Amino acid sequence: MANEKKMLYTQEGYDELVRELDYLKTTRREEIKEAIATARSFGDLSENSEYDEARNEQAKTEARIKELEDLVDNAHIVDESKIDANIVSLGSAVTVYDVEEDEEIVYNIVGSNEVNPVERKISDQSPIGRALMGQKKGAKVVVELPHGEVIHIHIKDVARAQK
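Thresholds applied
- Residues numbered from 1 in each chain as written.
- Predicted model: local features only at pLDDT ≥ 70, side-chain atom pairs only at ≥ 80, totals over all residues.
- Heavy atoms only, no water.
- Core = buried A, V, L, I, M, F, W, Y, C linked by side-chain atoms within 4.5 Å.
- Buried < 20%, exposed > 50% of the residue type's maximum accessible area, 1.4 Å probe, protein only.
- Helix = DSSP H or I, 4+ residues; strand = E, 2+ residues; numbered from the N terminus.
- Contact = heavy atoms within 4.5 Å.
- Pairing = 2+ DSSP bridges.

Engineer: Give a description of the nonpolar core that names residues and reports values.
Structural biologist: If you look at the biggest cluster of nonpolar residues, it comprises 20 residues, and the most contacted ones within it are Val96, Ile128, Leu132, Val141, Val143 and Ile155. By residue number, the principal contributor to this core is strand S7 (residues 150-160), which donates four residues. In this structure, Ile155 is in contact with Val88, Val94, Thr95, Val96, Leu132, Gln135, Lys136, Lys137, Gly138, Ala139 and Val141, ignoring residues within four places of it in sequence. Grouped together as the second largest cluster of nonpolar side chains are 11 residues, Met7, Tyr14, Leu68 and Ala75 included.

Right, dumping it as structure tokens:
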């Protein structure tokens, strides 16, 4: 994965990656090591489901650690202090009016690895995120969704996302 493209992150998103990586490398590895030792003490490993489960958890954790290390190594943190707060960019909180749904929605624009639909964190690479990028308050944007639907949104406000 040495040729991976740099992934954009807000400082908050990057810090989350680092926290998870630190937790897995320290706390979680120790918990799994103890679970394996406990399971070994039960005797015959060939029919020991606790041992198999602990080893599977170890493999999943090590794979996630590798994935996080790659993400951290290829992360590019956007310096939000150098971004015009009036233009939609990574780290923006964008209040829009969705014409078709007749509702106001606030989207937070984040890097693709920070997406969380429940918190309305959308990727700068998603159809809506891509259409909003570079726009200003007052802009009327037409978004074509992957399944062919078109939505019309009006940008009511652009601000830096609250931490």
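More follows now that the structure is in view.
Engineer: Can you tell me about the pairing of strand S3 (residues 92-98), naming the residues and giving the values?
Structural biologist: Most of S3 sits out of view: six of its seven residues are buried. Examined bridge by bridge, S3 and S7 share seven bridges and lie antiparallel to one another. Opposite Tyr97, over in S7, you have His154 as the bridge partner. Bridge count for S3 against strand S4 (residues 103-110) is six bridges, and the pairing is antiparallel. Its bridge partner lying in S4, Ala93 is registered against Asn108. Between S3 and S4, which pair antiparallel one after the other, the connecting turn spans four residues, and Asp102 there sits at a positive phi close to 50°.

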